[in-house]
Structures are given as structure tokens and as C-alpha cells.
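Fold and contact review
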Amino acid sequence: MVKVKAGILGAGGIAKVHTANLKNDERVDIIGVADIFKDKAEALAKEAGEHVHAVESLEELFQLGVNTVYVTTPNTTHVEPVLNCLENDINVFSEKPMATSLAEAEQIKEAAQKSNGIYNLGMNRRYAYVYKKVKDLIATEEVTPHMALFKMNRGELLNPAWTADPKATGGFLYETPFHLMDMCRYLFGEVEAVKCEARQNISEAELDDFAILLTFETGTIVTFVTSAHSGWSFPFEKIEVYGKYSTIETEELEKVMYAPGLKQKAEIDDYFQVPFEEKWGYIEEDQLFIDAIINGTKQPVTAEDGYLSTQLLESIYESARTGQQIDLRSVSRSSK
Ligand SMILES: NC(=O)c1ccc[n+]([C@@H]2O[C@H](COP(=O)([O-])OP(=O)(O)OC[C@H]3O[C@@H](n4cnc5c(N)ncnc54)[C@H](O)[C@@H]3O)[C@@H](O)[C@H]2O)c1
């Protein structure tokens with residue numbers, strides 16, 4: 001079997017998770033780990049295996065002969081290495097966000113179309129157990145989603161300090177809320193119209209409270225709230241989906257309740273005991289990416305798909321800024 005020769009760029013928290021998954025996949029050899037701080041690269045290289053090299057740049061990973069790179073650097077530093085990989089026909093798994101502007105997301109989409117390398121965007125929640133259950137109930141038409149409520153909060157933008165700096169995050173929505181914006185499209189299809197009221201309440205640098213109304217092409221309507229300073233009241237992340245006399249309700253990535261109908265008992269799936277790498281979807285997204293490289297199957301989240309989620313996020317900012325409803329039907333969806 002020809003093995004995938006993987007390199008990791010950015011040896012921080014999420015890189016540790018992907019590295020452990022790749023180490024457990026016999027189809028993958030981890031060749032090198034790069035970080036601007038050599039000691040960080042060395043520490044993760046050691047965890048990755050005996051012969052894994054520690055280097056300081058993407059170019060050095062290329063020199064080691066990798067054919068696949070995981071880009072796990074901070075939010076605003078994904079685009080340059082991703083484009084570099086695609087131009088060199090290297091497969092690339094980019095952590096979210098894809099980019100922190102629509103123009104850059106478009107650049108990646110175009111580069112991915114031309115490249116022989118596979119692009120994948122890491123949207124782990126699509127494979128998180130609670131959301132797989134929601135997706136399944138909708139896909140099997142057990143629930144027709146007429147309306148939904150989404151909440152994705154942060155407790156503060158104090159720790160770590162860079163979360164308060166839009167130059168580092170790309171803007172609050174590009175931090176955590178991007179996950180559930182992508183989830184909306186994944187569950188309900190494409191968005192037709194976006195209306196958002198937002199405020200800069202606590203943050204010194206940016207909008208930090210958003211009340212969003214999304215109308216989908218299917219007719220489903222979603223209210224989406226996201227606050228950056230709610231003080232970590234549990235659960236920070238929650239969705240409720242309403243069908244005909246039925247409700248699906250999630251609590252973090254831990255628990256999902258399905259109430260199928262009047263006078264029927266509800267089912268609860270509780271994943272509390274399941275290791276987080278598994279229940280948060282990281283193991284499956286990594287396996288599917290490696291499947292795509294080795295077997296030619298479709299990667300979990302293509303550049304076209306990531307572009308559309310970025311477009312949704314940007315239209316929320318645009319509505320917040322202009323006070324206007326944004327009609328996404330009038331925006332080109334040529335990439336669909
Ligand atoms: N999908 C998820 O659930 C999830 C979870 C956590 C983080 N993330 C995303 O992953 C990315 C990394 O997050 P993290 O929490 O691991 O951050 P982190 O700060 O722990 O790690 C980032 C690492 O990248 C290194 N780095 C910075 N610039 C670099 C460069 N130009 N070249 C090489 N190395 C560089 C830093 O030294 C650091 O070691 C972020 O974009 C974040 O949004 C996704």
C-alpha cells in the first residue's frame with residue numbers, strides 16, 4: 001500500500017488531535033511537523049513518532065517529501081500555505097476557517113479546481129455524533145425541519161487574549177460561530193435571505209452580539225443567536241429543530257433528544273462517556289480525508305462547499321453593517 005506522507009503546519013492544540021488520529025491510521029506516515037517555534041514542532045514531532053522531523057516552515061515540509069499537509073495555524077494564516085500547497089499539487093486539510101474574507105475563499109476555490117491536490121476544510125461538527133443524528137433524522141424524512149433555533153456563544157473574549165483581536169481571528173463570527181453557520185447549510189441546504197441585527201456591546205474592537213434570521217430555499221426558517229460575552233453559561237452551543245409535532249434538541253456535543261410526536265416518548269442519546277476525538281467528529285473527518293486521497297472518494301468538505309459557508313458568514317456581516325436584508329439568490333452560486 002502506498003502510504004500518505006503527511007506534514008503538520010502549526011503544532012498547537014488542534015494539531016495534537018489530528019496528529020494522534022493520523023498516527024493511529026496505518027495508511028499514513030507522518031513525516032514532519034513545522035512550527036514557527038521550533039520547540040513546539042519538536043514536542044509534537046516526538047509525540048507523532050520516532051522518526052518524525054521537526055522543522056520551522058512549509059517549504060521545509062515540502063523538502064521532506066510530504067504529499068499532504070494539515071494547516072493548523074491561527075485563523076488569519078490559513079490562506080497562504082493552503083494556496084502554496086494547492087499550487088504544488090499537495091493535498092491539504094485546512095482547519096477552519098477556510099479564509100477570513102470572501103475574496104480569499106474564492107482564491108482557494110479557484111486554486112483547488114486547478115490543482116491535482118485535494119482540498120478539505122475541517123468542519124468536524126458535520127461528523128460529531130449529535131449532529132449526525134440530526135442530519136439522519138432529516139435525511140430519512142422522519143423530521144421535516146420547518147423551523148430551528150441555533151445558539152453558539154462564547155463566555156468572553158479575554159482568554160486567550162488574541163480572541164479579542166479581529167486581526168487574529170478574522171472577526172468573532174470566524175471564530176466559533178462559523179461552525180454552526182456551516183452546520184445550517186449542511187442540515188437545511190442553501191440560504192435564500194439573511195437579516196442580522198448586531199451590536200458592539202462589550203468588545204472594544206468589534207461587533208460581539210448577533211441576532212440573525214435565515215430563510216432557506218426549502219422554506220425552513222432559522223433564528224441564530226451568538227454572543228461573545230455570555231459568561232460560559234452551559235450549554236454554550238445548542239440547536240433545536242422543529243418538525244410536525246416533533247422536536248430535536250442538542251446540548252453541546254454531548255446529548256441529543258428526539259421527541260417524535262404527540263403522546264410518544266422522547267429518545268435521548270447521551271455521548272458523555274465517548275472520547276471527545278470521536279464524538280466531536282475529528283476521527284471520522286480525518287479518516288474520510290485520507291480515504292479521499294487513497295481511494296478517490298469525495299472529501300468531507302470541498303472548497304466549493306467551504307466557499308458557500310464563508311459567503312453565508314460574510315452576508316451576515318453585510319446585513320449587520322447595512323441594516324439590509326441580503327438576498328443570496330441574487331448572488332452567484334455558480335460554484336454549486
Ligand atoms: N475544528 C475545531 O474544532 C477547531 C478547534 C480548535 C482550533 N481550530 C482551528 O485551528 C487553528 C489552530 O487553532 P489552535 O487552537 O490549535 O491554535 P494554537 O495557538 O494552539 O496553535 C497554533 C500553532 O501554530 C503556530 N504558528 C503560528 N503561525 C505559524 C506559521 N505561520 N507557520 C507555522 N506555525 C505557525 C503557533 O506557534 C502555534 O503553535 C485555528 O484556525 C482554529 O480556529 C479548530
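What counts, and where the lines are drawn
- Every chain is numbered on its own, with residues counted from 1 as its sequence reads.
- In keeping with the model being predicted, local features are shown solely for residues with a pLDDT of at least 70 and side-chain atom pairs are shown and tallied solely at 80 or more, while totals for entire chains, interfaces and linings include all residues.
- Side-chain calculation: all heavy atoms of the structure are included, whereas hydrogens and water are not.
- Helix and strand assignments come from DSSP, with helices taken as H or I runs of at least 4 residues and strands as E runs of at least 2, each series counted from the N terminus.
- For the exposure calls, accessible area comes from a 1.4 Å probe over protein chains only, and a residue counts as buried if that area is under 20% of its type's maximum, exposed if over 50%, partly exposed in between.
- Whether two residues touch is decided by their heavy atoms; if any such pair falls within 4.5 Å, the residues are in contact.
- Residue-level accessible areas treat just the shown protein chains as cover; the underlying method is Shrake-Rupley with a 1.4 Å probe.
- Within this scheme the basic residues Lys and Arg register as positive and the acidic residues Asp and Glu register as negative, but His and the chain ends are omitted.
- One atom stands in for each charge, and that atom is NZ of Lys, CZ of Arg, CG of Asp or CD of Glu.
- Take the buried residues of types Ala, Val, Leu, Ile, Met, Phe, Trp, Tyr and Cys, join any two whose side-chain atoms come within 4.5 Å, and each joined set is a nonpolar core.
- One heavy atom suffices: a residue is near a molecule or strand as soon as one of its heavy atoms comes within 4 Å of it.
- Throughout this description, a polar contact denotes any pair of N or O atoms lying within 3.5 Å of each other; where both atoms belong to protein, one of them has to be capable of donating a hydrogen while the other can accept it, and for residues adjacent in sequence the pair is counted only when both atoms sit in side chains.
- For this scheme, ten residues count as nonpolar: Ala, Val, Leu, Ile, Met, Phe, Trp, Tyr, Cys and Pro. Four count as charged, namely Asp, Glu, Lys and Arg, and the remainder, Gly too, count as polar.
- In this document the domain limits rely on a domain assignment from an automatic tool or a database.
- Defined here as a combined quantity, buried area equals the accessible surface (1.4 Å probe) lost by two parts on assembly, summed across both.
- Put simply, a salt bridge is a Lys or Arg side-chain nitrogen that is within 4 Å of an Asp or Glu carboxyl oxygen.
- Any helix carries an expected span of 1.5 Å times its number of residues minus one.
- Paired strands are those between which DSSP finds at least two bridges.
- With axes taken as lines fitted to C-alpha atoms, and helix axes fitted only over the stretch in contact, angles between N-to-C directions fall between 0 and 180 degrees.

Things to note about the overall build of the chain
A count of helical and extended segments in the chain gives 11 helices and 15 strands. With respect to the principal axes defined by its C-alpha atoms, the chain has extents near 60 × 45 × 40 Å. By the burial criterion, 54% of the 336 residues in the chain qualify as buried. Counted over contacts in the chain with a minimum sequence separation of 6, partners at least 24 positions apart contribute 67%. Roughly 15,300 Å² of accessible area belongs to the chain as shown, and the carbon and sulfur atoms make up 51% of that amount. Across the chain, the centroid of the 33 positively charged side chains sits 4 Å from that of the 53 negatively charged ones.

With respect to the nonpolar core
Counting 75 residues, the largest nonpolar core has Tyr119, Phe150, Phe188, Phe210, Leu214 and Ile316 as the members making the most contacts within it. If one sorts the elements of this core by residue count, helix α11 (residues 303-322) sits on top with eight residues. Setting aside chain neighbours within four positions, we find phenylalanine 188 in contact with Ile138, Pro145, Ala148, Phe150, Phe216, Thr218, Thr220, Val222 and Val241. Membership of the second largest hydrophobic core comes to 18 residues, among which are Val4, Ala6, Val28 and Phe93.

Brief notes about the site of the ligand
Taken together, 21 residues form the shell around the ligand, and within it Ile14, Asp35, Asn75, Lys96 and Tyr282 come nearest. Separating an oxygen atom of the ligand from a side-chain N or O atom of tyrosine 282 is a distance of 2.5 Å. In isolation the ligand exposes 850 Å². Once the protein is present, 78% of that is buried. Residues of the shell around the ligand, tallied by class, amount to seven nonpolar, nine polar and five charged.

Remarks on the domain arrangement of the chain
By a widely used convention, the size of an interface equals the accessible area lost when the partners come together. Segmenting the chain into domains produces domain 1 (4-124 + 282-301) and domain 2 (126-281 + 310-330). Centre-to-centre, using C-alpha coordinates, domain 1 lies 26 Å away from domain 2. Counting from both sides, the interface comprises 22 residues of domain 1 and, opposite them, 22 residues of domain 2. When the buried surface of domain 1 facing domain 2 is broken down by residue, Met123, Asn124 and Tyr282 rank first, second and third, together holding 30% of it. Taken together, domain 1 and domain 2 are joined by two salt bridges. With a shortest N-O distance of 2.5 Å, glutamate 284 and lysine 132 are connected by a salt bridge. Connecting domain 1 to domain 2 are 15 residue pairs in polar contact (both at pLDDT 80 or more). Of all the elements in the fold, those that place two or more residues in the side of domain 1 that touches domain 2 are α1 (13-23), α5 (102-114) and α10 (282-295). Ranked by residues supplied to the side of domain 1 that touches domain 2, first place goes to α10 with five residues. For the side of domain 1 that touches domain 2, a count of residues per class yields 13 nonpolar, six polar and three charged.

What about α11?
For α11, spanning 20 residues, the distance from its first C-alpha to its last is 28 Å, which sits close to the expected 28 Å at 1.5 Å a residue. Within α11, 16 of the 20 residues are buried, leaving the element largely enclosed by the surrounding structure. Glycine 323 lies just past α11 and shows a positive phi near 75°.

Re the pattern of salt bridges
Taken as a whole and judged by the stated rule, the model has 22 salt bridges. Among the ionic pairs, lysine 238 bridges to glutamate 249, the shortest N-O distance being 2.8 Å. With a gap of 11 residues between them, lysine 238 in strand β11 (residues 237-242) and glutamate 249 in strand β12 (residues 247-251) connect regions that are remote in the sequence. On the basis of relative accessible area, lysine 238 is assigned to the buried category, the value being 18%.

Regarding the sheet that holds strand β1 (residues 4-9)
Strand order in the open sheet formed by six strands is β3-β2-β1-β4-β5-β6, and the pairing between neighbours is parallel. The sheet terminates laterally at β3 (53-55) and β6 (119-122), the two strands that pair on one side only. Averaged over all adjacent pairs, the angle separating strand axes in this sheet is 20°, with direction ignored. Pairing of β1 with strand β2 (residues 28-34) involves six bridges; the strand directions are parallel. For isoleucine 8, the partnering residue across the bridge sits in β2 and is valine 33. Of the strands in this sheet, β1, β4 (68-71), β5 (91-95) and β6 touch helix α4 (residues 79-87), which is tilted by about 165° from β5.

Considerations on the sheet that holds β12
Strand order in the open sheet formed by nine strands is β14-β13-β12-β11-β7-β10-β9-β8-β15, with mixed pairing between adjacent strands. Of all the strands in the sheet, the pair left with one neighbour each is β14 (267-270) and β15 (326-327). Judged from the five bridges that link them, strand β7 (residues 147-152) and strand β10 (residues 221-227) form a sheet pairing that is parallel. The residue bridging leucine 149 from the neighbouring strand is threonine 223, located in β10. In the packing of α11 onto the sheet, the strands contacted are β8 (191-199), β9 (209-216) and β15, and the crossing angle to β8 comes to about 50°.

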